[in-house]
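# Overview (structure and organization)
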There are 2 protein chains.
Amino acid sequence: MNRIITIGREFGSGGREVGKRIAEGLGIAYYDKEILSEIAKRTELAESYVRQVVERRPIVYYPITTGHTFYTNADPTAQYTNSILTEQNNVIRDLASNSDCVIVGRCADYILRDLKPLRLFIYSDMEHKIKRCREKAEVDEHMSDRAMRRYIKRIDRGRASYYQHYTGRVWGDRLNYDLCINTASNSIKEIVSSVIAIYQ
Amino acid sequence: MNRIITIGREFGSGGREVGKRIAEGLGIAYYDKEILSEIAKRTELAESYVRQVVERRPIVYYPITTGHTFYTNADPTAQYTNSILTEQNNVIRDLASNSDCVIVGRCADYILRDLKPLRLFIYSDMEHKIKRCREKAEVDEHMSDRAMRRYIKRIDRGRASYYQHYTGRVWGDRLNYDLCINTASNSIKEIVSSVIAIYQ
């Protein structure tokens, strides 16, 4: 059985930790930042710029290439963006074709749909997401709960819009996933055991 | 660890089969029709009437009691309905207090919330639900796909409205569940193994 697991996740829900632990438990690859590095290598663009495009926050308008300029088009930013996103598709497909793996985010559930990955969506209630963000120091420690709530919602709106744009589907809609898991009520250990059991 | 599992499910998704198999796998009780029989016994109303009230389709306006008449109120139907729903709460609480169990539907996730059950929501896409309904002969075999789609949607609208009415929550909203499981892509065997693994 093919062991490719894609993880969509709400910010602060612990989706990345779930992904890492599942990969460890199954003894398969976990791909996250490696994808950005590989895209940067293939496109010869700076990794920081690749990250901004992939996370849909292109704040640097004229990217710095690490090698030669390979586009001479009038709108290089749009071209770079397209190139990065096409390369992201290729990198994700190449990685998944070469080995069993867990991939977090990046519309991997959609990109790899013909490989029939196990598609997880990890979520939680706001209270637990705020708690987790504080514990993991994922946000400024002086941020109020109210500000953190706004911040978490904003990140997820960005994810939803990115997902919708590239897949034409609704982010978080249960029909796009095989299992939706609430980290407010299941421990990471329980979740990992539960997902691993599917392959046994 | 408390082993009480509640199952919310879309019509045609196979939630009942999942529930039965999990109960068998864990060696715990499975409660479904037993709840109706117990309510009928406690209220002295006919089981068929109890079923109609519980499923929110009261087509018999003057219920036949199997024993003596115990309400003399001007609006006996409303009284009977209240009495049945109160008794349903009591029966579900009594059953869950006495033994580990799986309970399908009936807002059990809400009724038993202080016992921290594992709350599952079982769903599927329309194509698979229609296929399953045909296989299991849950609908008239001459019904067209279009009519079946309408029928499935109508049943689920009823469930959603019942759930909303008695819990004040949105039926199928992932935050009300610990695990949402798609039966279009997971086999029943995989689902059962996955849920059982949580208790190991």
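Structure: above.
This structure is a prediction, so every number in the text was calculated from the model and none was measured.

## Observations concerning the packing of helix H2 (residues 33-43) of chain A against helix H4 (residues 76-98) of chain A
All names here are of chain A.
- Between H2 and H4, the least distance of the axes is 9 Å, while the angle of their chain directions is 120°. On the basis of the axis angle, H2 is oblique to H4. Classified by chirality, the crossing of H4 by H2 is right-handed. In contact with Ile35, Glu38, Ile39, Arg42 and Thr43 of H2, H4 contributes Ser83, Ile84, Glu87, Gln88, Asn90, Val91, Ile92, Asp94 and Leu95.
- Looking at side-chain class alone, the contact of H2 with H4 contains six nonpolar, four polar and four charged residues.

## Focus on the interface of chain B and chain A
- Contacts between chain B and chain A engage 25 residues on the former and 24 residues on the latter.
- A combined buried area of about 1,900 Å² lies between chain B and chain A, and 48% of that area is made up of carbon and sulfur atoms.
- By the criterion of area lost to chain A, the three top residues of chain B are Tyr123, Arg174 and Asp178 of chain B, representing 27% of everything that side buries.
- Seen at the junction of chain B and chain A, the total is two salt bridges.
- On the surface where chain B and chain A come into contact, there are 18 residue pairs in polar contact (both at pLDDT 80 or more).
- Secondary-structure elements contributing two or more residues to the side of chain B that touches chain A are strand E4 (118-123), strand E5 (179-182) and helix H8 (188-197) of chain B.
- A breakdown of the residues in the side of chain B that touches chain A according to their chemical character gives twelve nonpolar, seven polar and six charged.
- Where strand E5 (residues 179-182) of chain A and E5 of chain B come together, three bridges link them in antiparallel fashion. In the sheet register, Ile181 of chain A faces E5 of chain B, and the bridge partner there is Leu179 of chain B.

The rules behind each value
Residues numbered from 1 in each chain as written. Chains lettered and ligands numbered in written order. Predicted model: local features only at pLDDT ≥ 70, side-chain atom pairs only at ≥ 80, totals over all residues. Heavy atoms only, no water. Axes fitted to C-alpha atoms, helices over the stretch in contact; angles between N-to-C directions. Helix = DSSP H or I, 4+ residues; strand = E, 2+ residues; numbered from the N terminus. Parallel < 35°, antiparallel > 145°, perpendicular 65-115°, else oblique. Left-handed = near helix turned anticlockwise from the far one by under 90°. Contact = heavy atoms within 4.5 Å. Nonpolar A, V, L, I, M, F, W, Y, C, P; charged D, E, K, R; others polar. Buried area = accessible area lost by both parts, 1.4 Å probe. Salt bridge = Lys/Arg side-chain N within 4 Å of Asp/Glu carboxyl O. Polar contact = N/O pair within 3.5 Å; in protein donor to acceptor, adjacent residues only side chain to side chain. Pairing = 2+ DSSP bridges.

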